[in-house]
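Architecture at a glance
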Amino acid sequence: MTPKQAGWITGAAAAALVVAGGITYAVAGDDGAGRVPSADSADAGFARDMSVHHQQAVEMSYIVRDRTKDEEVRRLAYDIAQTQANQRGMMIGWLDLWGLPKVSSDPPMTWMGMGDMPSAGEGSLMPGMATDAQMEKLATLDGKQAEVYYLQLMTEHHKGGVHMAEGCADRCTVGVEKRLAQGMVESQESEIRLMADLLAERGAKPEK
């Protein structure tokens, strides 16, 4: 990773943290409409599901920070963890502001018409999520092996996250949430390209 790339990632994470508070409070009366989404809306479904999706990315990132001393990967993992933990807090905050439950009896991804999709394995509730076995394997690796496996898992995780965020950008009705979703698409696609470069530097490539 070049100094320019490292600076971009850190800057992007910092920018996300700066705007977070304003987005959280603005969303309750977004665009002056003051409309509250229903519990089965795309807005609520995305906030619930992406919160779960993000939480695994945070966990995965902190695992690899303890398994490698490589500063490039540690910096990327820290930025992903901080950005996604912050965004997760925002989405949970929106559900609170809307007076909506944080869990649903409907299967994940119902709001995208994908509630009946097959699971990739235990722990993999939504597109791109790692299975419990994959998370356990990551926690057993060290050094370059941990870096490569993390980058491969996170690439798939980001691809799933982009798919979900695109769904919200198309289906959500709260303007601030739609804009956050579009921002997720752009930032995670950039990180996917960066992770491909980091994998290539280590003589590896994405799993798929």
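Owing to the predicted nature of the structure, the values given are computational and were not obtained by experimental measurement. (Residues numbered from 1 in each chain as written. Predicted model: local features only at pLDDT ≥ 70, side-chain atom pairs only at ≥ 80, totals over all residues. Heavy atoms only, no water.)

1. Observations regarding the overall build of the protein
Stated formally: The way it works is that DSSP assigns letters per residue, a run of H or I at least four long becomes a helix, a run of E at least two long becomes a strand, and they are numbered from the N terminus. Each residue gets one of three labels from its accessible area relative to the maximum for its type: buried under 20%, exposed over 50%, partly exposed in between, using a 1.4 Å probe on protein chains only.
Scanning the protein from N- to C-terminus turns up six helices and zero strands. The secondary structure elements of the protein, listed N-terminal to C-terminal, are α-α-α-α-α-α. Per-residue burial over the protein gives 48% buried out of 208 residues.

2. Concerning unusual backbone geometry
For M109, which is not glycine, the phi dihedral falls at a positive 70°. The residue M109 is located in the loop between α3 (71–98) and α4 (132–138) in this model.

3. Quick look at helix α5 (residues 143–171)
Keep this limit in mind: Take the residue count of a helix, subtract one, and multiply by 1.5 Å to get its expected span.
Along its 29 residues, α5 runs 41 Å from first to last C-alpha, staying within 8% of the 42 Å computed at 1.5 Å per residue. With respect to burial, α5 is a largely interior element, 21 of its 29 residues being buried.

4. Description of the pattern of salt bridges
Operational definition: What counts as a salt bridge is simple: a side-chain nitrogen of Lys or Arg found within 4 Å of a carboxyl oxygen of Asp or Glu.
Following the criterion strictly, the structure yields eight salt bridges and no others. A salt bridge links D70 to R202, with the shortest nitrogen-to-oxygen separation between them at 3.1 Å. One end of the pair, D70, is in the loop between α2 (42–65) and α3; the other, R202, is in the segment after α6 (175–201), with 132 residues separating them in the sequence. D96 serves as the salt-bridge partner of K102, at 2.6 Å between the closest nitrogen and oxygen. The class for D96 is partly exposed, based on a relative accessible area of 47%. It is possible to trace a salt-bridge network through shared partners that takes in D70, E72, E147, E201 and R202.

5. Here we look at the confidence of the model for the protein
Heads up, the rule is: The predictor reports its confidence for every residue as pLDDT, a score running from 0 up to 100. When checking whether two residues touch, look at their non-hydrogen atoms; a contact exists if any pair is within 4.5 Å.
The predicted model of the protein has a mean per-residue pLDDT of 88, with 83% of residues at 70 or higher. Scored below 50 in pLDDT, residues 1–25 shows 30 contacts in the model against residues more than four places distant or in partner chains.

6. Thoughts on the nonpolar core
Stated precisely, the cut-off is as follows: Nonpolar cores are built from buried Ala, Val, Leu, Ile, Met, Phe, Trp, Tyr and Cys residues. Side-chain atoms within 4.5 Å join them into one set.
Formed by 28 residues in total, the largest nonpolar core has its most connected members in F46, M50, M91, W94, W111, A165 and M184. For this core, the secondary structure elements donating two or more residues are α2, α3, α5 and α6. Among the elements that line this core, the one with the most residues is α6, at six residues. In this structure W111 touches S41, A42, G45, F46, D49, M164, G167, C168 and R171, once residues within four positions along its chain are discounted. Within the second largest apolar cluster, 22 residues are counted, among which are M60, V73, M135 and L151.

7. Notes on the packing of α2 against α6
Heads up, the rule is: Axis geometry follows a simple rule: fit a line to the C-alpha atoms, using only the stretch in contact for helices, then measure angles between N-to-C directions, giving values from 0 to 180 degrees. Should the near helix be turned counterclockwise from the far one by less than a right angle, the crossing is left-handed, whereas a clockwise turn marks it as right-handed. Ten residue types, Ala, Val, Leu, Ile, Met, Phe, Trp, Tyr, Cys and Pro, are classed as nonpolar, four, Asp, Glu, Lys and Arg, as charged, and the remainder, Gly among them, as polar.
Running from N to C, α2 and α6 point in directions that differ by 35°, and their axes come no closer than 11 Å. Crossing of α2 over α6 shows left-handed handedness. Contacts between α2 and α6 involve D43, F46, A47, M50 and H54 from the former and E177, A181, M184 and Q188 from the latter. Of the residues assigned to the contact of α2 with α6, the class counts are five nonpolar, two polar and two charged.

8. A closer look at a negative patch on the surface
Formally: In this analysis, a patch consists of residues with relative accessible area above 30% that form no salt bridge, clustered at 9 Å for like charges and at 5 Å for the nonpolar side chains Val, Leu, Ile, Met, Phe, Trp and Tyr. Note on areas: these come from Shrake-Rupley sampling with a 1.4 Å probe, and a residue is covered only by the protein chains present in the view. When charges are tallied, Lys and Arg are placed among the positive residues and Asp and Glu among the negative ones, while His and the ends of the chain are skipped. Every charge is mapped onto a representative atom, which is NZ of Lys, CZ of Arg, CG of Asp or CD of Glu.
Taken together, the side chains of E166, D170, E186 and E189 present a region of like negative charge at the surface. Sorting the residues of the negative patch by element identifies α5 and α6 as the ones contributing at least two each. Along the chain, E186 falls in helix α6. A relative accessible area of 47% means that E186 is categorised as partly exposed.

9. Some thoughts on α3
Definition in use: The definition of a polar contact used here is a pair of N or O atoms within 3.5 Å, where within protein one atom must be able to donate a hydrogen and the other to accept one, and adjacent residues in sequence count solely through side-chain atom pairs.
The end-to-end C-alpha distance of α3 is 40 Å, a good match for the 40 Å that 28 residues give at a rise of 1.5 Å each. Structurally, the start of α3 carries an N-cap: the backbone nitrogen of E72 is 3.1 Å from a side-chain oxygen of D70. Positive phi shows up at G99, right after α3, with a value of about 70°.

10. Focus: the packing of aromatic side chains
Put simply, the rule is: Working definition: rings of Phe, Tyr and Trp (its six-membered ring) pair if their centres are within 6.5 Å, and the pair is stacked with planes under 30 degrees apart, edge-to-face with planes over 60 apart, and tilted otherwise. Whether a charge sits over a ring depends on NZ of Lys or CZ of Arg being within 6 Å of the ring centre and within 35 degrees of the ring normal.
What the rule picks out here adds up to two aromatic pairs. Arranged with centres 5.7 Å apart and planes meeting at 80°, the rings of F46 and W111 form a pair that is edge-to-face. Highlighted residues: F46 in helix α2 and W111 in the loop between α3 and α4, separated in sequence by 65 residues. Each member of the pair F46 and W111 is classed as buried. Its end group placed over the ring of Y149, K137 keeps NZ or CZ at 4.5 Å from the ring centre.

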